[in-house]
Amino acid sequence: MATGRNHRPATRSRGIPEATVARLPLYLRALTALSERSVPTVSSEELASAAGVNSAKLRKDFSYLGSYGTRGVGYDVEYLVYQISRELGLTQDWPVVIVGIGNLGAALANYGGFASRGFRVAALIDADPAMAGKPVAGIPVQHTDELETIISDNGVSIGVIATPAGAAQQVCDRLVAAGVTSILNFAPTVLSVPDGVDVRKVDLSIELQILAFHEQRKSGEGAEAPALDTAAERKGPDGDMPAVMPA
């Protein structure tokens, strides 16, 4: 089976917009669920609802793939699974290394969805010498001293960073220098990479903060808006000076 180092997805050369690329995994997840239930065809409305988008956007996205469906019948589920998988580069083997085998890194290593989606965890790497040789998800952890050799030997082009923030940039630099061109970053920091290297950032704390914002807004709905200050209320004890200065 070909490795990811030698075969890159064709989405950029075909001019598929990044927004469409970002939705393709959503369609693939919904289609895979339909395939597992042996559903042969699906309408654009049904698939759009399952993927969480509107049907007009779905049809536009699929037009970039050259797939238009059949009026009155819909889309062939198995063919779309293959077509989107091919477009995303998932019909080949993508060896991945995970760097940083703490709680999060270990959880990622134990995630069973990688293999079924075209990704093979080639190695687990950690800077702690005490971790070396310990199996996580059946894979022995290797020390960061071996990082470059591991990447070269396995033809790795995708790296996952799950280290503390302070170590992430150094790990990123070493991955890039060793030939990794795509990075999934779980460390709570912004990475600096050269042109030609793609970084996707996953920050769970930011997502929770956004949810907290919406929860606060929902809890405040229906509450009476504060009354506007009058000129007298804006005066402090000395007249024109506000009693409380804004922060």
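In the block above lies the structure referred to throughout.
Only a predicted model underlies this, so the values are computations on that prediction, with no experimental measurement involved. Each chain carries its own residue numbering, running from 1 in the written order of its sequence. Only residues with pLDDT of 70 or above have their local features reported here, since the model is predicted, and side-chain atom pairs are shown and tallied only from 80 upward, although totals for entire chains, interfaces and linings are computed over all residues. Here the side-chain values reflect all heavy atoms present in the structure, with hydrogen atoms and water set aside.

Enquirer: Report on the overall build of the protein, specifying residues and quantitative values.
Expert: Along the backbone of the protein there are ten helices and nine strands. When burial is assessed residue by residue, the protein has 36% of its 247 residues classed as buried. Note on contacts: a residue pair qualifies if any of its non-hydrogen atoms lie within 4.5 Å across the two residues. For the protein, long-range pairs separated by at least 24 residues make up 58% of all intrachain contacts whose partners lie at least 6 apart in sequence. Accessible surface for the protein amounts to roughly 14,800 Å². Of this, 55% is attributable to carbon and sulfur atoms. Secondary structure elements follow DSSP: runs of H or I of four or more residues count as helices, runs of E of two or more count as strands, with numbering from the N terminus. Under the scheme applied here, a residue whose accessible area is under 20% of the maximum for its type counts as buried, over 50% as exposed, and between as partly exposed, the area being computed with a 1.4 Å probe on protein chains only. In these tables, accessible area is a Shrake-Rupley quantity obtained with a 1.4 Å probe, and a residue counts as shielded only by the protein chains included in the view.

Enquirer: Could you give an account of the sheet that holds strand 4 (residues 119-126), with specific residues and numbers?
Expert: At least two DSSP bridges between two strands are needed for those strands to be called paired. Spatial ordering of the open sheet is given by 5-6-4-3-7-8-9, a layout of seven strands whose pairing is mixed. Looking at the sheet topology across the chains shown, the edges are occupied by strand 5 (135-136) and strand 9 (198-201). Across four bridges, strand 3 (residues 94-99) lies against strand 7 (residues 158-161) in parallel orientation. By the bridge assignment for strand 7, isoleucine 98 is matched with valine 160. Geometry is summarised by axes, namely lines fitted to C-alpha atoms with helices restricted to the contacting stretch, and by angles between N-to-C directions that run from 0 to 180 degrees. Where helix 7 (residues 147-154) meets the sheet, it contacts strand 3, strand 4 and strand 6 (139-143), and its direction lies at approximately 165° from that of strand 4.

Enquirer: Explain the packing of helix 2 (residues 44-51) against helix 3 (residues 55-64) to me, and be specific about the residues and the numbers.
Expert: Running from amino to carboxyl end, helix 2 crosses helix 3 at an angle of 100°, the nearest separation of the two axes being 8 Å. Classified by the angle between their axes, helix 2 and helix 3 sit roughly perpendicular to one another. Mapping the contact onto sequence places Ser44, Glu45, Leu47 and Ala48 in helix 2 and Ser55, Leu58, Arg59 and Phe62 in helix 3. A per-class count over the contact of helix 2 with helix 3 returns four nonpolar, two polar and two charged. Should an angle lie under 35 degrees it is considered roughly parallel, over 145 roughly antiparallel, and from 65 to 115 roughly perpendicular; all remaining angles are considered oblique. Asp, Glu, Lys and Arg are counted as charged, while Ala, Val, Leu, Ile, Met, Phe, Trp, Tyr, Cys and Pro are counted as nonpolar; the rest, among them Gly, fall into the polar class.

Enquirer: Give me the lowdown on the pairing of strand 7, citing residues and values where you can.
Expert: On strand 7, burial covers both faces: Ile158 and Val160 on one face and Gly159 and Ile161 on the other are all buried. Direction of pairing for strand 7 relative to strand 8 (residues 182-185): parallel, over a ladder of four bridges. Each residue of the ladder has a partner; that of isoleucine 158, found in strand 8, is serine 182. Taken together, strand 7, helix 8 (residues 165-177) and strand 8 constitute a β-α-β crossover, and its handedness is right-handed. The handedness rule is simple: strands pointing away from the viewer, and a clockwise path from the first strand over the helix to the second, make the crossover right-handed.

Enquirer: Give me the lowdown on the environment of leucine 80, citing residues and values where you can.
Expert: Positionally, leucine 80 belongs in helix 4 (residues 77-88). Separated by 49 residues in the primary sequence, leucine 80 and leucine 31 place their C-alpha atoms 7.5 Å from one another. Apart from residues lying up to four places away in sequence, leucine 80 is in contact with Leu31, Leu47, Phe62, Ser67 and Tyr75.

Enquirer: Now, about the packing of helix 1 (residues 18-36) against helix 3: what can you tell me, with residues and values included?
Expert: For the pair helix 1 and helix 3, interaxial distance at closest approach is 11 Å and the crossing angle is 105°. It follows from the interaxial angle that helix 1 and helix 3 lie roughly perpendicular. In contact with Thr20, Arg23 and Tyr27 of helix 1, helix 3 contributes Lys57, Leu58, Asp61, Phe62 and Tyr64. Taken together, the residues of the contact of helix 1 with helix 3 sort by class into four nonpolar, one polar and three charged.

Enquirer: For the packing of aromatic side chains, give the residues involved together with the corresponding values.
Expert: Put simply, two rings from Phe, Tyr or Trp (the six-membered ring, in Trp's case) pair if the centres are within 6.5 Å, and we call them stacked under 30 degrees between planes, edge-to-face over 60, tilted for the rest. Counted under the stated rule, the structure contains three aromatic pairs. Measuring from centroid to centroid gives 5.1 Å for tyrosine 27 and phenylalanine 62, while their planes differ by 75°, and the two rings are edge-to-face. Here phenylalanine 62 lies in helix 3 and tyrosine 27 lies in helix 1, a separation of 35 residues in the sequence. Each member of the pair, tyrosine 27 as well as phenylalanine 62, is classed as buried. Measuring from ring centre to ring centre gives 5.1 Å for phenylalanine 62 and tyrosine 75, while their planes differ by 85°; the resulting arrangement is edge-to-face. Residue phenylalanine 62 is found in helix 3, and its partner tyrosine 75 is found in strand 2 (residues 75-76); the two are separated by 13 residues along the sequence.

Enquirer: Could you give an account of the environment of valine 39, with specific residues and numbers?
Expert: Take valine 39: it is sitting in the loop between helix 1 and strand 1 (41-42). Discounting residues that sit within four places of it in the chain, valine 39 has contacts with Leu34 and Val77.

Enquirer: Describe the nonpolar core, and please don't skip the residues or the numbers.
Expert: Ranked by internal contacts, the top residues of the largest apolar core, which has 23 residues, are Tyr27, Leu31, Val42, Leu47, Leu58, Phe62 and Ile84. Those elements that place two or more of their residues in this core are helix 1, helix 2, helix 3 and helix 4. Counting residues per element, this core draws most heavily on helix 1, which supplies seven residues. For isoleucine 84, the contacting residues outside a window of four places in its chain are Leu24, Tyr27, Leu28, Leu31, Phe62 and Leu65. The definition of a nonpolar core used throughout is a set of buried Ala, Val, Leu, Ile, Met, Phe, Trp, Tyr and Cys residues joined through side-chain atoms within 4.5 Å. Judged by nonpolar contacts, the second largest core, of 19 residues, contains Val99, Leu147, Ile150 and Leu175.

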